[in-house]
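Given next are the chains, with one letter for each unit.
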Amino acid sequence: MKSKKTSHGKSQLDINSESTYRIAVSKLDTNVLWRITKMAFRHRLRMAIGIVSTILAATFQLFVPQFLGRAVDQAHGLLTLTSDRATTEDALMTTALLLISASLLRGLFTMCQNYQGEAVGHLIGYNLRLSYYRQLQRLSFSWHDKVHSGDLMARGILDIEGVRMWVTTGVLRFFLLTILIGGGAIILFRIDIELGVVALAFVPIVGFRVSVARLKLRDTWMRLQDQMAKLTQIMEENLSGIRVVRAFAAQDHELNRFDKSSRIALAVTHERIGLFVRYTTQMTFVYFLSMGLVLWVGGHKVIDGEITLGELTQFLAFMSILQMPVRQIGWMINSIARASTCGGRLFNILDLEPSIADKPDATPLRITDGVLKFENVDFRYPAGDGDQRTLSGISLEARPGKTIGIVGPPGSGKSTIAQLIGRYYDVTGGSVTIDGQDIRNVSLESLRANVRIVQQEPFLFTSSVNHNVAYGDPWAGRSDIEQSAATAQLHNYISNLPSGYATLVGERGVSLSGGQRQRMSIARGVLLDGAVLVFDDSTASIDAATEQRIKSALKDIVKERAVIIIAHRLSSLMHADEILFLEEGRIVERGDHDQLLARSGRYAELYSLQTRLSDTDGEN
Amino acid sequence: MAKATPSPKSNRPPLAVVGSLVSQDEDLFGRIFDRWVVGRLGEYLRPYRARIIIAIGAVLAFTLTQLAIPLIIRAAIDDAVASGGEIAEGGALLNILVAVFIGVVVFNYIANHVQETIVGKIAGHLLFDLRRAMYAHLQVVSLSFMDKTEVGRLMSRLQGDVNALQEFLESSIFAIGDFVLLFGIIAVLLSLDARLGAMTLSVVPILFLVRIIWLPLARRAFLRARETSSATNAALAESIHGVRVVQELTREDVNFDLFDEKATDNLNSHISGSKYTNVLIPIVDGLTGAAMAIIVIVGGGLVLDQALDIGVMVAFLFYVQRFFDPIRSLTIQYSIMQRAMAAGQRIFEVLDVEVEVSNKSDAQDPKEIDGSIEFENVTFGYVADQPVLKNISFRVAPGETVALVGPTGSGKTSTMSLTHRFYDVWDGSIRVGGHDVRDLTQASLGRHIAMVLQEPYLFSGTILENIRYAKLEASRDAIIDAAKAVGAHDFIMRLGAGYETELDQGGGNLSLGQRQLLSFARALVADAKILILDEATASIDSYTELNIQRALARLLENRTAMVIAHRLATIRGADRIMVLQDGEIIETGDHAHLMASEGLYSRLYRMNYASFDDIPDDVARTLSESNDAT
Ligand SMILES: Nc1ncnc2c1ncn2[C@@H]1O[C@H](COP(=O)(O)OP(=O)(O)O)[C@@H](O)[C@H]1O
Ligand SMILES: Nc1ncnc2c1ncn2[C@@H]1O[C@H](COP(=O)(O)OP(=O)(O)O)[C@@H](O)[C@H]1O
Ligand SMILES: [Mg+2]
């Protein structure tokens, strides 16, 4: 491909580890284009048909000016008395038929070419979409922490579209243009070299403009996409946090933020348009100048009798065929520029290796006793600032029938412990084992099938209640689903809804209160088997009475599993076999309820705060 | 690239879908009101009237030059070149004509530059105006609309649909130019030679016939393509937002297969749509060929009869080639246009969403209010005939701290939302500082009421910016004081950059409790007369909470507070406690009073320490009755 020659910089995307991931796109656009083109050529049959059709379409298109020239010569010939009338009429008839057939064939092959081009474009879009989807589901939490969902959406929609457009309109059209200009050049040179040179004088100038334009446009596209990503982020956050915006009547502030960002985006848009217009109009101008030269030089040549009038017509007709393509060159460059930035943004993500993945020799987790152990675990978030550890020296052991409770101030690392059990992050020191197997050595799928975490913040899919409850096991039977909902004290509520378990929830369905959502999430968790069950503060929005009933419903389940309960309400965990008091990532107290009370330390203080009646009365 | 290898098709799980169950846009795409959309777009073009007139002038000039070029060629051929004989004179004439040609080309260049620049820029402005109008409108539409509408769906209108319009607007200038050119060419052809012109144009009706058959079929195909696209994008959005749950419940493979189904559907519908776009090409080209054949045969015959100049025939041939260009591009633009019309409609739908809660024309914005809150016979619900609050009346005196307790779903949050007039009541009235909330501006409610919402939403940006959100002019000291009051200062200082630490999306790099503290600090900075705390400390331990309460005792002097909490320890210090059940206030009084009355409160309160083994049966029964009703 032509663009390969303009390669600048290193020849490889060097961004393939999550931790070095950058939002910025690498400078290596030629690689990106090359890669997209290679993807297109993977659809060999379609591309072959497409290319053959392109060649034929271009060929037939090149016939048209020749036939036109011939017709003019034939008609003119009679005027200059070089042939008789009957033969001329026959000749005109033949030329007319040839013209119709050439046009029709050209149309048919163009159709073929376009169709194949679009089909390949859609196929590539499809493949990219699938790869992108799979990749996003594979990438680890620490990566998702850092990227904005709006940005990911933009890539999944706009960038795939940008790549697809280039394949659809660019790749084959590039052939078409080359053949049209190349084939035309041969024909014209054969007629008259001098005039041919004049006719094609615009090609190198346009070519030069193209290569300049491509880089500049690409640069503005890149800036535009960045700016649009910012704008998207502002809008998305505003809409997600609309209650906060309303609560503080911050609409003006939000509009200001939007306007600021929007104005920059508009300025870049204008810059892009300005550049684009400048280049395309210049190209058309140069093209027309060439045409004027052809008329001038060619006209004199006809007058001097060096070429025929028909040949001049042929030159001019050929040039007028090029008028559309010259205009399209502009669009093509635009689409190249866009595809190379879009492709870069996509490949940046597709090339990442998830930092948390199965080891090559990973084996499935084998559950024997169901013992979960933390041994001297240290942890800090990969992206965290400072060198403060989030967890240090955590050791604990949970086994079926034994419940561990965790309390501690916000940010002490409770949720982090939960995340480590499912290996959503890797420990930075020590180890987490289940039945003696380090969780880093077992397959992720088998690990996660055995660790059930009911998260602090429930996430519901916009779907029916039973889809949501059965999210982890979409094959679950109705009775299992109802059983889980009953355990979470939700069954009665759901069965009283007009459509029962088929009721839609989520943003378009009925709105559930915070506590109802948490119970939904509990139902989802208890539907599944697994050796370890973790409740991460998952009853915070549920009133005490309901919570107690959930707990008694859970009694049987709890007996068979190692259970970890994170809670602030001490009644939620005071019956745990061991309670850990966490502070700044360290266990500062541990023991059962009575032991901890006896120590009269932090736990005892907390307990007295929640039970003694008079304490806060005095304060207020 | 890791090529997506579809995993072996497992049997399809009965209870799984990706993306919304509801077909995203079924309700929207019934018909296409092209004229309506264009009319509405016109309104947004009004500010650019002057520039549009210039642009139209440029388009006309550009088209004239386009038309002139073959005419000059004709003149050159007929008068200068083909005239044979007098060579010297022909050469001179040719030179003049070429000079004219160059002049026209320069003119063409200028006009082209002007038209494309202006149109491109107006298109840019228009899109940004539309997006801003939508965004601004979403800032005021009722929350009941926002509750029902997924952020992703709105985003797809703010971005996707606006982009679809962009494609249309930027190419529309060519369409307009093409149109003018079309008529120009017809005029020129007929004036050059009426007979030949009429015969050449005789192929045009065939084209119209073809379009009449083609249109409904193509429209259906394009519609399907668009629907499958939005379904695929919705599924993608879901996977992005729910990625943590997906990984936790190892739904990757199931979801991938389901997504593959949607994407395949999308692929097929687009490929079938592209069949419709392209089938027109050979038809148009065939007709072009036919028109040229007519010129060659008929025109050639006329030339032979000396009834037509050879140059006219050449000009005809040139015009016919150009003649079908606009027709061709207008057809190819058809799908862009369709998309744009649908997009326009979706955009205007957003703009037309009714604003149920809006400022009255004479709404007041008092500088100071006294901080009282009064509910009088308030009935309210989200769905018709299902009241959530039933005839509630209460009064909170200025400076008083009132706690609201009750089972989930009993209507506590709704009560708070009404105080801030997030929704309008069905019946009764609410007064804040003695003013009916409907008589106050929303900005004034925002200034006098500070809220800590149940879900502590934070924005990207620094911690400082987030705490300052409610009061942009708050000083750094005020912010640090607020952070200290809620006990957030210590952890903030432990973060790498302190108050300048950048938060991830939604504050993801903080724990939920920490986010709650920041959201609390944010409300304190607002320095409002009324403070509303909706489970503001649910994810915070009691010890931290106690410290907050101590600090609050000082901060809340002379301020009114309404507090929702489940942990009764949180609220037992309140001046008054109201127990809400099933949308009704069933008990009210201070802690001691309620404990003595042995009602729901005292039972709930005791429950807090009970283990699940020792809930008395009768309590469980009463409680379950009350809870199941929610
Ligand atoms: N995704 C993350 N990236 C970086 N830091 C994080 C992330 N999640 C939590 N942290 C930090 O780790 C610490 C512990 O958080 P967490 O375990 O959620 O606390 P909690 O005890 O409240 O559950 C906090 O200081 C928080 O700021
Ligand atoms: N935005 C909403 N749209 C529709 N129904 C809602 C909405 N918010 C809450 N509800 C319903 O109103 C009832 C009361 O909710 P809420 O006031 O949030 O209860 P609480 O705060 O006491 O838990 C619940 O049944 C809930 O499902
Ligand atoms: Mg937490």
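Here the residue index of a chain counts from 1 through its sequence in written order. Note on labels: chains are lettered from A, ligands numbered from 1, in written order. Owing to the predicted nature of the model, reporting of local features is limited to residues with pLDDT of at least 70; listing and counting of side-chain atom pairs is limited to 80 or more, with chain, interface and lining totals taken over all residues. Here the side-chain values reflect all heavy atoms present in the structure, with hydrogen atoms and water set aside.

Draft legend 1. Up close: the sheet that holds strand S6 (residues 449–452) of chain B. All names here are of chain B. A pair of strands is labelled paired if DSSP reports no fewer than 2 bridges between them. Counting from the N terminus, the helices are DSSP H or I runs at least four residues long and the strands are E runs at least two residues long. Taken in spatial order, the six strands line up as S6-S9-S10-S3-S11-S12 in an open sheet, and their pairing is mixed. A single partner strand is all that each edge strand has here, and the edge strands are S6 and strand S12 (584–589). Averaged over all neighbouring strand pairs, the angle between strand axes comes to 15 degrees, with direction disregarded. Pairing of strand S11 (residues 576–581) with S12, which is carried by five bridges, proceeds in the antiparallel orientation. Bridged to Val579 within S12 is Glu587. Contacts: residue pairs with any heavy atoms within 4.5 Å of one another. Simply put, an axis is a line fit to the C-alpha atoms, just over the touching stretch for a helix, and the angle between two N-to-C directions goes from 0 to 180 degrees. Contacting strand S3 (401–405), S6, strand S9 (530–534), strand S10 (560–564) and S11, helix H11 (residues 412–419) crosses the sheet at an angle of about 150 degrees to S10. Contacting S6 and S9, helix H16 (residues 512–525) crosses the sheet at an angle of about 175 degrees to S6.

Draft legend 2. Structural context of the interface of chain B and chain A. Contact residues are listed per partner, giving 208 residues for chain B and 195 residues for chain A. The quantity reported as buried area is the accessible area (1.4 Å probe) lost by two parts once they are put together, taken as the sum for both. A buried area of about 18400 Å², summed over both sides, lies between chain B and chain A, and 64% of it is on carbon and sulfur atoms. Criterion for a salt bridge: a side-chain nitrogen of Lys or Arg within 4 Å of a carboxyl oxygen of Asp or Glu. The interface formed by chain B and chain A contains eight salt bridges. For the salt bridge of Arg494 of chain B with Glu584 of chain A, the shortest nitrogen-to-oxygen distance reads 3.0 Å. A 3.5 Å cut-off defines polar contacts: any pair of N or O atoms within that distance qualifies, except that in protein one atom must be a possible hydrogen donor and the other a possible acceptor, and neighbouring residues in sequence count only when both atoms are side-chain atoms. Our count for the chain B to chain A interface comes out at 41 residue pairs in polar contact (both at pLDDT 80 or more).

Draft legend 3. Representation of the coordination of the magnesium ion (ligand 3) within the structure. Residue and element names in this part refer to chain A. Looking at the magnesium ion (ligand 3), one finds its protein donor set to be Ser415 (OG), Gln456 (OE1) and Gln456 (NE2), positioned 2.1 to 2.8 Å from the metal centre. Taken together, the positions of Ser415 in helix H12 (residues 414–421) and Gln456 in the loop between strand S6 (451–454) and strand S7 (463–464) put the pair 41 residues apart, joining distant regions of the chain. Here Ser415 matches Gln456 in class, with each residue buried. Donor atoms: N, O and S within 2.8 Å of the metal, or within 3.2 Å for Na, K and Ca. Because water is excluded, sites can look incomplete. Burial here depends on accessible area, computed with a 1.4 Å probe over protein chains only, as a share of the maximum for the residue type. Under 20% is buried, over 50% is exposed, and the range in between is partly exposed.

Draft legend 4. Quick look at the site of ligand 1. Residue and element names in this part refer to chain A. When we say a residue is near a molecule or strand, we mean one of its heavy atoms is within 4 Å of it. In the vicinity of ligand 1, 17 residues are found, and the nearest of them are Asp145, Gly411, Lys414, Ser415 and Thr416. For ligand 1, an oxygen atom lies 2.4 Å from a polar atom in the side chain of Thr416. Across the complex, the protein chains shield 89% of the 560 Å² of accessible surface that ligand 1 would expose by itself. With three residues, the single largest contributor to the shell around ligand 1 is H12. Each residue gets one of three labels, nonpolar for Ala, Val, Leu, Ile, Met, Phe, Trp, Tyr, Cys and Pro, charged for Asp, Glu, Lys and Arg, and polar for the others, Gly among them. For the shell around ligand 1, the residue count by class is five nonpolar, ten polar and two charged. Using the Shrake-Rupley algorithm and a 1.4 Å probe, accessible areas are obtained, with residue cover drawn only from the displayed protein chains.

Draft legend 5. Molecular detail of helix H7 (residues 204–241) of chain B. Helices are assigned an expected span. That span is 1.5 Å times one less than the residue count. For H7 of chain B, spanning 38 residues, the distance from its first C-alpha to its last is 53 Å, which sits close to the expected 56 Å at 1.5 Å a residue. The seven residues ending at a residue and the seven starting there each receive a fitted axis; the angle between those axes is the bend at that residue. Most pronounced at Trp214 of chain B, the bend in H7 of chain B amounts to some 35 degrees, and the proline Pro216 of chain B follows within four residues.

Draft legend 6. Seen up close, the site of ligand 2. Within the structure, ligand 2 sits among 15 residues, and Ser511 of chain A together with Asp147, Gly409, Thr413 and Ser414 of chain B are positioned closest to it. One finds residues of chains A and B in close proximity to ligand 2. Within the contact set of ligand 2, a nitrogen atom lies 2.7 Å away from a side-chain nitrogen or oxygen of Asp147 of chain B. With respect to ligand 2, the backbone of Lys412 of chain B contributes an N or O atom lying 2.8 Å from an oxygen atom. Per-element tally for the shell around ligand 2: the top contributor is H11 of chain B, with three residues. Partitioned by chemical class, the residues of the shell around ligand 2 number four nonpolar, nine polar and two charged.

Draft legend 7. Spotlight on the environment of Ile480 of chain B. Residues and elements named next belong to chain B. Structurally, Ile480 can be placed in helix H14 (residues 476–485). With 13 residues separating them in the primary sequence, Ile480 and Ile467 have C-alpha atoms 9.2 Å apart. Filtering out sequence-adjacent residues up to four positions away, Ile480 remains in contact with His489 and Tyr499.

Draft legend 8. The pattern of salt bridges, seen in detail. Residue and element names in this part refer to chain A. As enumerated under the stated definition, the model contains 47 salt bridges over all chains in all. Here Glu397 makes a salt bridge to Arg399, at a shortest N to O gap of 2.8 Å. Overall, the relative accessible area of 36% leaves Arg399 in the partly exposed class. Residues joined in a network through salt bridges with shared partners are Asp151, Arg155, Asp159 and Arg345.

Read these as layout, nothing more, since geometry by itself doesn't imply function.
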